[in-house]
Amino acid sequence: QEIINKTVENYGGQTIYNSDVSFTFRDKQYRALYKNESYQLERTFKDSLGVYKDVLTNNNFIRTINDSVVELTDKWKEKYTNSINSVIYFFRIPFHLNEKAVNKELLVNRNKNIDGKEYHKIKVWFNQNGGGKDFSDVFVYWINKTTYNIDYLAYSYETDGGGKRFREMVNPRRVNSLLVTDYINYKPKDNNISIEDFDEYFQQYGMEKLSEIKNENVTVKYLNK
């Protein structure tokens, strides 16, 4: 817990829990407004039909096209909700790691060295109660012992057929005190390897590069509590 608290402080501290943050990811504009216990997550983009805006709050999801509300089935509401949540969850790492449904374990007997740098290696999993639809996901974070940056993270998931991913942090920078990062996204050549061993596997065998995760045009405003 002490390591996570130091990491949260490094990334911007408690002020992020009352903030208005926006960024561009893959030609879509995202906004994450958090104030005390409430949130409003937004996604805006264009196609041939016009301007789409998705708004997710604690209680509801609404999609509009050119300011007209679109009637959606529960299936599509869930799909869009999960999509927005996923993008903003990764952008806001590590700020979700102190939520009540989160379990954390320091992996003390595993290799914790990547390219000569020493890491705190922390496994994270979720309670079903409060853990969201993807509560079965498991993460491992490699937190740099010197900088308290999350230089690497790995996760396993079961949605859409399941899989495992490994991300390498690139382009860390500060935007109004918030540490913002991009990632290179990899997958292992052998899907049977435990994500807890991805550091050793990555150094010995390499991984297949899937994509680059770039968060652009970031703005950060802090709100009064």
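Scroll up a little and you will see the structure.
Residues numbered from 1 in each chain as written. Predicted model: local features only at pLDDT ≥ 70, side-chain atom pairs only at ≥ 80, totals over all residues. Heavy atoms only, no water.

**What to know about the pattern of salt bridges**
What counts here: Here a salt bridge means any side-chain nitrogen of Lys or Arg lying within 4 Å of a carboxyl oxygen belonging to Asp or Glu. Working definition: helices are DSSP H or I runs of at least four residues, strands are E runs of at least two. Numbering for both runs from the N terminus. Buried, partly exposed and exposed residues are distinguished by accessible area as a fraction of the type maximum, computed with a 1.4 Å probe on protein chains only: under 20%, between the cut-offs, and over 50%, respectively.
Scanning all chains against the criterion turns up 11 salt bridges. Note that aspartate 199 is salt-bridged to lysine 121, the shortest N-O span being 2.9 Å. With aspartate 199 in helix α3 (residues 198-205) and lysine 121 in strand β9 (residues 117-126), this pair connects stretches of sequence that are 78 residues apart. The burial state of aspartate 199 is the same as that of lysine 121; both residues are buried. Several salt bridges converge on common partners, so that one network encompasses Asp20, Arg31, Glu42 and Lys53.

**What about the side chain of asparagine 149?**
Stated precisely, the cut-off is as follows: For the purposes of these results, a polar contact is taken to be a pair of N or O atoms within 3.5 Å, where, inside protein, one atom must be able to donate a hydrogen and its partner to accept one; residues adjacent in sequence count only when each atom of the pair is a side-chain atom. A contact between two residues is defined here by any heavy atoms of the two lying within 4.5 Å.
As for its position among the elements, asparagine 149 is in the loop between β10 (138-144) and β11 (150-157). For asparagine 149, the side chain forms a polar contact with the side chain of asparagine 10, separated by 2.9 Å. If we ignore the near neighbours within four places in the chain, the residues touching asparagine 149 are Asn10, Tyr11, Trp142, Ile143, Asn144, Met169 and Leu179.

**Concerning the packing of aromatic side chains**
Condition: Between the rings of Phe, Tyr and Trp (Trp by its six-membered ring), a pair exists once the centres lie within 6.5 Å; its type follows the angle of the planes, with under 30 degrees stacked, over 60 edge-to-face, and the other angles tilted. Counting as a charge over the ring demands two things of the Lys NZ or Arg CZ atom: a distance within 6 Å of the ring centre and an angle within 35 degrees of the ring normal.
Across all of its chains, the model carries 24 aromatic pairs by this definition. Aromatic pair tyrosine 34 and tyrosine 39: ring centres 6.0 Å apart, planes at 35°, arrangement tilted. By relative accessible area, which is 12% here, tyrosine 34 ends up buried. One aromatic cluster is present, built from ring pairs that chain together Tyr89, Phe90, Phe126, Phe139, Tyr141, Tyr155 and Tyr157. The ring of phenylalanine 45 is capped by lysine 28, whose NZ or CZ atom sits 4.9 Å from the centre of that ring. Directly above the aromatic system of tyrosine 183 lies the positively charged group of arginine 167, at a separation of 5.9 Å from the ring centroid.

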